[in-house]
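# Residue-level structure breakdown
The primary structure of each chain is shown beneath.
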Amino acid sequence: MKENKVLFTIFGATGDLAQRKLYPSLFRLYRTGSLVESFAVIGTARRPWSDETYREIVQETIAYLNPTEEEAQAFSSHFYYQAHDVNDTEHYDKLKDLADTLDAKYTLDGNRLYYLAMSPAFFGTIVSHLESQKMLTSDGYHRVIIEKPFGTDYETAAKLNEEITSVFAENEIYRIDHYLGKEMIQNISAIRFANNIFESMWNNRYIDNVQISIAENLGVEDRGGYYDKSGALKDMVQNHILQVLSLLVMEPPVAFSEQEIRAEKIKALEAVRVYTPEEVKENFIRGQYTAGRLADNQYLGYLEEPGVAEDSKTETFVAGKFTIDNFRWSGVPFYVRTGKRLTEKGTRINVVFKQVPVNLFKAEVGAECEQPALEPNVLTIYIQPTEGFSLSLNGKEVGPSFNMLPTQLAYRNSAEAIENTPEAYEKLLLDALKGDGTNFTHWKEVAQSWRIVDVIRQTWDQSEEGCETYPAGTMGPEAAFELLEKDGFKWIWHPDEWYRERNLL
Ligand code: BG6
């Protein structure tokens, strides 16, 4: 394992993301030898913490990983805290002094990684100060990792991008979409490009429709304030869903490299049709959860959640159909849905193949019961919480008849393998340390995603009609099902049925 020499400076060091994701991920990198002695972390935020307090907090955040006392001490001794007001120029000078001291102390060779994990409103100010206060060293590398949301629409994203690119080059900017660090999202390329049976059929001649579901059973929890301004479209579709879609839609890259993969993803997103307002109304629906019951749990409606305006029109659910205007995908609908307070947490991709041209196995005339239509072959990629894939096929029912029986070839990663898999943030941090931007979003991807999503948002904002509603615990409003039914399809994944059959929903 190669040791990485680096100074991390985390803006937003007291925040939720830093505590839940960054410190544990850094600790895992430390444990596995990617970070050894030559690394240091400066945490900054407004609060006046001391190094000791900061180190205690860091230790608390990694406690669930069961470090030994010595390990926890040794790891957290690399952490330093500096209270910081992002608008105060003098504070950057202090930060620079501390950075230079730590660089010498830990022999970091001038490598600097800045992590912006705070409100995007401050990103521009921070990067411009990094430059004006001469914090960008000429010795090693300097890179910046930027948390989402990258803007709130195309215009704000473009402005933010201008601010950042006036200081950092595109290849020094790592825009995080944590879905790209997930094991099974990375597996999409393996499934597609290492299996001829799929890649040769990966087009509109053999595929009927593709379904991407990112369902969450949680509500907005304590993020009502943020979420109410964002809504599911910006929170999930603009980034995660369109990223997953681009990996499914893209052409095979010439090589499995950052440059080639990104180029194909950009082209894929450029082929996604930017709808007219009429097309938005036809192809996208939104919903908001009301109070509901699932098994023994009673849930509040969205409007009763803390931090949410009582007359909020914000959507907590989106379902839609994307159209891809290119040779490969013309005529194949890509259905997507995501929402909070749905039946189960689960991210799945269902690739539904076309039927055989003629069904030879219809019931004989006069047979006692009619044989149902053939089930389609479906490739399912399970992203989370289970990881794996399955392929549903039709076989003959054992016995004298010739009834078709849908069966499944299924593979799941073992619980042990999942347990030992690096977390998304751990992988992405390591990529950024190595200078590999493959699993980060290029500006052109972000820009195109906003163009696609902006018209949907604008159409909804200008519409007289509000959100549909759905009871907490269900898989969204009726309109989400009708969206597919009107095209003659249905959602392949329906975890709600199990509960309905047992009267638990
Ligand atoms: C985040 C959203 O980007 O992704 C959250 O802001 C959402 O609202 C989360 O809950 C889902 O991520 P995961 O990894 O749990 O699927």
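The protein has the name Glucose-6-phosphate 1-dehydrogenase in an unreviewed UniProt entry, where Enterococcus alcedinis is given as its organism. The heading Function (unreviewed entry) in the UniProt record of the protein holds the text "Catalyzes the oxidation of glucose 6-phosphate to 6-phosphogluconolactone." Quoted verbatim from the Sequence similarities (unreviewed entry) field of the UniProt record, the comment on the protein reads "Belongs to the glucose-6-phosphate dehydrogenase family."

### Observations concerning the packing of helix 9 (residues 224-249) against helix 10 (residues 258-271)
Across the interface, helix 9 lies against helix 10 with an axial gap of 8 Å and an inter-helix angle of 105°. With respect to helix 10, the axis of helix 9 lies roughly perpendicular. Here Leu242, Gln243, Ser246, Leu247 and Val249 of helix 9 lie close against helix 10, whose contacting residues are Lys265, Ala268 and Leu269.

### Observations regarding the UniProt feature "binding site: NADP(+)" (unreviewed entry) in the protein
Under the present numbering, the feature "binding site: NADP(+)" (unreviewed entry) in UniProt falls on Arg46, Asp85, Val86 and Lys148. Following the sequence through the fold, Val86 ends up in the loop between strand 3 (79-83) and helix 4 (89-106). Among residues more than four places away in sequence, those in contact with Val86 are Tyr92, Met118, Phe122, Thr125, Ile126 and His129. Assignment of secondary structure puts Lys148 in the loop between strand 5 (142-146) and helix 6 (154-165). With a relative accessible area of 24%, Lys148 lands in the partly exposed category. When sequence neighbours within four positions are dropped, the list of residues in contact with Lys148 reads Ile176, Tyr226, Asp235, Asn239 and His240. Side-chain polar atoms of Lys148 contact the side chain of Asp235, separated by 3.1 Å.

How each quantity is defined
Residues numbered from 1 in each chain as written. Predicted model: local features only at pLDDT ≥ 70, side-chain atom pairs only at ≥ 80, totals over all residues. Heavy atoms only, no water. UniProt positions renumbered as here; feature names shortened; annotations may be inferred. Axes fitted to C-alpha atoms, helices over the stretch in contact; angles between N-to-C directions. Helix = DSSP H or I, 4+ residues; strand = E, 2+ residues; numbered from the N terminus. Parallel < 35°, antiparallel > 145°, perpendicular 65-115°, else oblique. Contact = heavy atoms within 4.5 Å. Buried < 20%, exposed > 50% of the residue type's maximum accessible area, 1.4 Å probe, protein only. Polar contact = N/O pair within 3.5 Å; in protein donor to acceptor, adjacent residues only side chain to side chain.

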